[in-house]
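Given next are the chains, with one letter for each unit.
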Amino acid sequence: MNNLTKSLVFTAGLLGSLLAQPVLAEQPVTLNLGAARWFFDNERDVDDATTPWASIEYAFSDRWAVEVLYNKDDTTYSDGTDTDIENWQLGLLMYGGSYAGKANRVRPYATFGAGEINLEADDFDTVETTVNLGAGLRWMWTQRFGARLEAKMLHSLDEHHTDVLLSAGLNYYFGDVGSDSSAAAAVGAGAAVGSAAQYGDQDADGDGVPDDRDQCPGTPQGTRVDSVGCPLKVERIASIKLKVNFDFDKAVVKEQYFSDIAELAAFLQRFEDLQVDVEGHTDSTGPDAYNQGLSERRAQAVVDLLVNRHGIDASRLQAVGYGESQPVASNDSREGRAENRRVMATLEVEYEE
């Protein structure tokens, strides 16, 4: 049995053992195997050769993976001496783009690492430490099956030779391919359109769902829909922040802040289940007890406007005073004290659209 046959038997056995282990279905492991062509440094005086190769790749992120590659075959020196050449390399792969479980995707990558080349003949045996640098392309036909092309330079640190290995191969990914909602929606829409074309169903709004099953006709072009043609809900976040400043020793809301308070009222009217703490503050001028009461009156003044002018239910509002305990600026300056005489309210809500 020659080395090519042995290598193919080895890789086939490795693939079979991996497929027999269900635990790998949850691991980001890729098995690669194929054929390569050696282009040896001229100073080696060794004939170029073709060799099978196999590798195992472990991805620890969407862009980074580590790979162990192995190949072995025979070649000849210029004097006709037969020699076996065995090579293993450990490499770090950096991918471009994002996989995200998508099929029919081409991804470039760069690789670098280190390993060993072993040349063995009848009368000598040499092992050389190498560093490698290369680049390649991976084409995923499906979420699991793909192919790759790679060019790699291997530089011997012992003999200072630089060899080139050009390889092509197939790969199988064992990990969780996950889900890509936009791709799934596109595939589902495409399947529905194909079904409509096959059976003569009409799809007036072009969302991929035949009219006889479309529960939301007239969907705008480009809208993602579910299986009955209705728009998929999208999670969004809405937020608002109110800040009202007061004159010294005053609890009267100045007219310049009426529009800001109206915006908060509109926000509360839109999200009717929200409750809010309206927080009052003062500067450090005056006794603590007096400032506590003043901060409460300021907060209540804003609450009263929300209730009396904008019709917000009082049970949704809580006026809270913090006195001088939470300054946002230095009380040592007039400007800082003006900043601290304030009422604050902050709201954030998640909603589906």
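Note that this is a predicted model, so its numbers are computed, not measured. Each chain has its residues counted from 1, running along the sequence as written. Local features are withheld for residues below a pLDDT of 70 in this predicted model, meaning they are given only at 70 or higher, and side-chain atom pairs are given and counted only at 80 or more; totals for whole chains, interfaces and linings count all residues. To get the side-chain values, all heavy atoms of the structure are used, and hydrogens and water are removed first.

Here a strand is any run of E in DSSP of at least two residues, a helix any run of H or I of at least four, and the numbering for each starts at the N terminus. When you go through the chain residue by residue, the secondary structure sums to 5 helices and 12 strands. Using a 1.4 Å probe on the protein chains alone, a residue whose accessible area is under 20% of its type maximum counts as buried, one over 50% counts as exposed, and one in between counts as partly exposed. In the chain, which comprises 353 residues, the share counted as buried stands at 38%. In the chain, once contacts between residues fewer than 6 apart in sequence are set aside, the share between residues at least 24 apart is 59%. Accessible area of the chain: about 19,300 Å², with a carbon and sulfur share of 54%. Note on contacts: a residue pair is in contact if any heavy atoms of the two residues lie within 4.5 Å. Accessible surface is estimated by sampling points in the Shrake-Rupley manner with a 1.4 Å probe; for residues, cover comes only from the protein chains shown.

With phi around 60 degrees, Asp 45 is a residue other than glycine that occupies positive phi space. Mapped onto the elements, Asp 45 comes out in the loop between β1 (29-39) and β2 (49-59). The class of Asp 45 is partly exposed, set by a relative accessible area of 42%. One non-glycine residue, His 160, lies in positive phi territory at about 60 degrees. Locating His 160 in the fold gives a position in the loop between β7 (145-156) and β8 (162-173).

Before going further, it helps to examine the packing of aromatic side chains. Pairing of aromatic rings covers Phe, Tyr and Trp, the last through its six-membered ring, and needs centres within 6.5 Å; plane angles under 30 degrees mean stacked, over 60 mean edge-to-face, and all others mean tilted. As enumerated under the stated definition, the model contains 6 aromatic pairs in all. Ring geometry for Tyr 172 and Phe 174: centres 4.8 Å apart, planes at 75 degrees, overall edge-to-face. In terms of burial, Tyr 172 and Phe 174 fall into one category: buried. An aromatic cluster of at least three residues, connected via ring pairs, comprises Phe 145, Tyr 172 and Phe 174. A ring is considered to have a charge above it if a Lys NZ or an Arg CZ atom is located within 6 Å of its centre and within 35 degrees of its normal. A cation sits over an aromatic face here: Arg 297 above Tyr 290, 5.7 Å from the ring centre. Directly above the ring of Phe 258 sits Arg 309, whose terminal nitrogen or CZ lies 4.5 Å from the centroid.

What follows deals with the state of the cysteines. Cysteine sulfur atoms that pair up within 2.5 Å are treated as a disulfide. Evaluated as defined, the whole model comprises 1 disulfide. Across the disulfide from Cys 216 sits Cys 230; the S-S distance is 2.0 Å. On the S-S bond that ties Cys 216 to Cys 230, the torsion sits near 85 degrees, and the link is right-handed. Here Cys 230 lies in the loop between α2 (181-199) and β9 (235-245) and Cys 216 lies in the loop between α2 and β9, a separation of 14 residues in the sequence. What makes Cys 230 buried here is its relative accessible area of 14%.

On the secondary structure map, Thr 30 appears in strand β1. Ignoring any residue separated from it by four or fewer positions in sequence, one finds Thr 30 in contact with Ser 55, Ile 56, Glu 57, Arg 138, Asn 171, Tyr 172 and Tyr 173.

Patches in this entry comprise residues that are over 30% relatively accessible and not in a salt bridge; like charges within 9 Å are linked, as are nonpolar side chains (Val, Leu, Ile, Met, Phe, Trp, Tyr) within 5 Å. Put simply, a salt bridge is a Lys or Arg side-chain nitrogen that is within 4 Å of an Asp or Glu carboxyl oxygen. Residues scored as charged are limited to Lys and Arg (positive) and Asp and Glu (negative), so that His and the chain ends carry no count. Every charge is mapped onto a representative atom, which is NZ of Lys, CZ of Arg, CG of Asp or CD of Glu. On the surface, a cluster of negative charge is contributed by Asp 45, Asp 47, Asp 48, Asp 74, Asp 79, Asp 82, Glu 120, Asp 122, Asp 123 and Asp 125. Along the polypeptide, Asp 48 turns up in the loop between β1 and β2.

Our focus in this paragraph is the nonpolar core. The criterion is simple. A nonpolar core is a set of buried Ala, Val, Leu, Ile, Met, Phe, Trp, Tyr and Cys residues joined through side-chain atoms within 4.5 Å. Counting residues in hydrophobic clusters, the biggest one holds 29 residues, and the most contacted among them are Val 253 and Val 302. Among the secondary structure elements, those contributing two or more residues to this core are β9, α3 (258-270), β10 (276-281), α4 (288-308) and β12 (342-352). Residue contributions to this core peak at 6 residues, all from α4. Among residues more than four places away in sequence, those in contact with Val 302 are Leu 242, Phe 246, Val 253, Ile 261, Val 278 and Val 343. Grouped together as the second largest cluster of nonpolar side chains are 13 residues, Phe 40, Ala 49, Trp 53 and Leu 165 included.

Two modes of strand pairing occur in sheets, parallel and antiparallel, and in both the strands are linked by backbone hydrogen bonds. Strand order in the closed barrel formed by 8 strands is β1-β2-β3-β4-β5-β6-β7-β8, with antiparallel pairing between adjacent strands. Adjacent strand axes in the sheet meet at a mean angle of 25 degrees when their direction is disregarded. Inspection of the sheet shows strand β4 (residues 82-95) paired to strand β5 (residues 105-120) by 12 bridges, in the antiparallel sense. By the bridge assignment for β5, Tyr 95 is matched with Tyr 109. Only when DSSP finds a minimum of two bridges between them are two strands counted as paired. To obtain each axis, a line is fitted to C-alpha atoms, and for helices this fit is confined to the stretch in contact; angles are then taken between N-to-C directions over 0 to 180 degrees.

Once that is clear, we can look at the pairing of β1. For a regular strand, side-chain orientation follows a simple rule: the groups alternate between the two sheet faces. Alignment of β1 against β2, held across 10 bridges, turns out to be antiparallel. Each bridged residue has a counterpart across the sheet, and for Val 29 the counterpart in β2 is Tyr 58. Bridge count between β1 and β8: 10 bridges; the pairing is antiparallel. Across the sheet, Arg 37 pairs through a bridge with Leu 166, a residue of β8.

The next subject is the pattern of salt bridges. Going through the model one piece at a time under the given rule, you end up with 10 salt bridges. Two residues, Arg 148 and Glu 150, come together in a salt bridge whose shortest N-O distance is 3.6 Å. With its nearest N and O atoms 2.6 Å apart, the salt bridge here joins Glu 339 to Lys 243. With Glu 339 in helix α5 (residues 334-340) and Lys 243 in strand β9, this residue pair connects regions lying 96 residues apart in the sequence. Given a relative accessible area of 30%, Lys 243 falls into the partly exposed group. Linked by salt bridges that have partners in common, Glu 57, Glu 67, Arg 138, Arg 148, Glu 150 and Lys 152 make up one network.

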